[in-house]
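Structural description and commentary
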Amino acid sequence: MKTLFKFILLTGLRDKLYLGLLLIIFCIFGLSNLVGFSAISEQSQMQLVYFSFLSRLVIVCGLILFICFYVHRSFENKEIDFILAKSISRVKFISSYWLSFNLISIILIIPVILIQIIFNHPNLIGLMWWSISIILEIMLISTFAIVSSLILKSAVVSVLASISFYFITRMMGFFVYSISIPNKTEQLKNFDGISEGLLKVLSTIFPRLDLFAKSEWLVYGVTNYQDIYIVLIQSIIYIPLMLFLAFYDFEKKQF
């Protein structure tokens, strides 16, 4: 398990994952400063918000691509068959994958946190909760990427499924808002009973990633700790649930 753990971390280094995303993060920092300087007021706050949003998006998409293509490449190269031929259980194998990918996500998020502390001077309490929640968000997405890579036979389809899941869960706040006031705006009057029912089902099944890592926490601090409780509860529920799905599916596979 320890050897597999190190191997996955070295694979990320070999594939230039760390260097590539780090360079993109620095480019995003420069772009956010440029956009922030163009603002009429609250320039530093604009820089902070743009940088936190874009860096999170890049890290999530980069990890999804790395996980999906790495898992499918392992299947194609018979690497998984070789590892399972050794004295390692399938549960430990998936656990090693999960821990390795989550450690990679923490390694990638550390430069973002340091840049914010050094250059953007965010609210420290807000930064603490933002850092915790974004780590939980990336853990949730990386777990879903592992599950989709194990279930789906195409790396491209796994990537599309994971990215779709991420954007749907990020839009879940809008869906809930649409359900709560269906007739208050002209645009929402077109929602019929079927559409509203579908939105209710989606809002029940999918997590609320729009509550994770709010940029406003970095500027104003955490004003509503109910969002923090929801973030922690959803992480406790959805991450183990998706891990169980990964264990169950992998146990059923024939090698």
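All of the points below concern the structure found in this document.

Criteria and thresholds
Residues numbered from 1 in each chain as written. Predicted model: local features only at pLDDT ≥ 70, side-chain atom pairs only at ≥ 80, totals over all residues. Heavy atoms only, no water. Helix = DSSP H or I, 4+ residues; strand = E, 2+ residues; numbered from the N terminus. Buried < 20%, exposed > 50% of the residue type's maximum accessible area, 1.4 Å probe, protein only. Contact = heavy atoms within 4.5 Å. Areas by Shrake-Rupley, 256 points an atom, 1.4 Å probe, with all protein chains shown as cover. 1 Å grid on protein atoms, 1.4 Å probe; cavity = no way out; pocket = protein on both sides within 12 Å on 5 of 7 lines; lining within 4 Å. Points joined across faces, edges and corners; volume = space filled by probe spheres on them. Nonpolar A, V, L, I, M, F, W, Y, C, P; charged D, E, K, R; others polar. Axes fitted to C-alpha atoms, helices over the stretch in contact; angles between N-to-C directions. Left-handed = near helix turned anticlockwise from the far one by under 90°. Expected span 1.5 Å × (residues − 1). Phe/Tyr/Trp six-rings, centres within 6.5 Å; stacked < 30°, edge-to-face > 60°.

Turning next to the overall build of the protein. Within the protein, the regular secondary structure consists of eleven helices and zero strands. Across the protein, helices and strands are ordered from the amino to the carboxyl terminus as α-α-α-α-α-α-α-α-α-α-α. When burial is assessed residue by residue, the protein has 47% of its 255 residues classed as buried. Sequence-distant contacts, at least 24 apart, represent 79% of the contacts inside the protein between residues at least 6 apart. Here the protein displays about 13,300 Å² of accessible surface, and carbon together with sulfur accounts for 70% of that area.

This part is about the layout of surface pockets. If you roll a probe as big as a water molecule over the atoms, it shows you where there is empty space left. The calculated volume of the largest pocket comes to roughly 160 Å³. Around the largest pocket, the lining residues are Phe 144, Val 147, Ser 148, Phe 165, Ile 205, Phe 206, Pro 207, Tyr 238, Leu 241, Met 242 and Leu 245. In terms of residues, the lining of the largest pocket owes the most to one element, helix 11 (residues 225-252), which gives four residues. For the lining of the largest pocket, the per-class residue count stands at ten nonpolar, one polar and no charged.

It is the contact of helix 5 (residues 90-120) with helix 6 (residues 124-151), at a shortest axis distance of 9 Å, that shows an interaxial angle of 145 degrees. Judged by the sense of rotation from one axis to the other, the crossing of helix 5 with helix 6 is right-handed. Here helix 5 contributes Ile 94, Tyr 97, Trp 98, Phe 101, Asn 102, Ser 105, Ile 106, Ile 109, Val 112, Ile 113, Gln 116 and Ile 117 to the contact with helix 6, which in turn contributes Leu 127, Trp 130, Ser 131, Ile 134, Ile 135, Ile 138, Met 139, Ser 142, Thr 143, Ile 146 and Leu 150.

Residues three or four positions apart in an α-helix share a direction because the helix packs 3.6 residues into each turn. A rise of 1.5 Å per residue sets the reference length of helix 5, with its 31 residues, at 45 Å; its end C-alpha atoms lie 44 Å apart and thus fit the reference within 8%. His 121 sits one or two residues past helix 5 and shows a positive phi near 50 degrees.

Here the focus is the packing of aromatic side chains. Geometry of an aromatic ring pair is reported as the spacing of the ring centres plus the angle between the planes. Under the counting rule described, the total for this entry stands at 14 aromatic pairs. Judged by centre distance (4.0 Å) and plane angle (5 degrees), the ring pair of Phe 144 and Phe 165 falls under stacked. One end of the pair, Phe 144, is in helix 6; the other, Phe 165, is in helix 7 (residues 155-170), and 21 residues separate them in sequence. Each member of the pair, Phe 144 as well as Phe 165, is classed as buried. Summarising the aromatic geometry, the rings of Phe 244 and Tyr 248 are spaced 6.4 Å apart at their centres and angled 25 degrees between planes, so their arrangement reads as stacked. In this pair, Phe 244 and Tyr 248 both sit in helix 11, four residues apart, roughly one turn of the helix.

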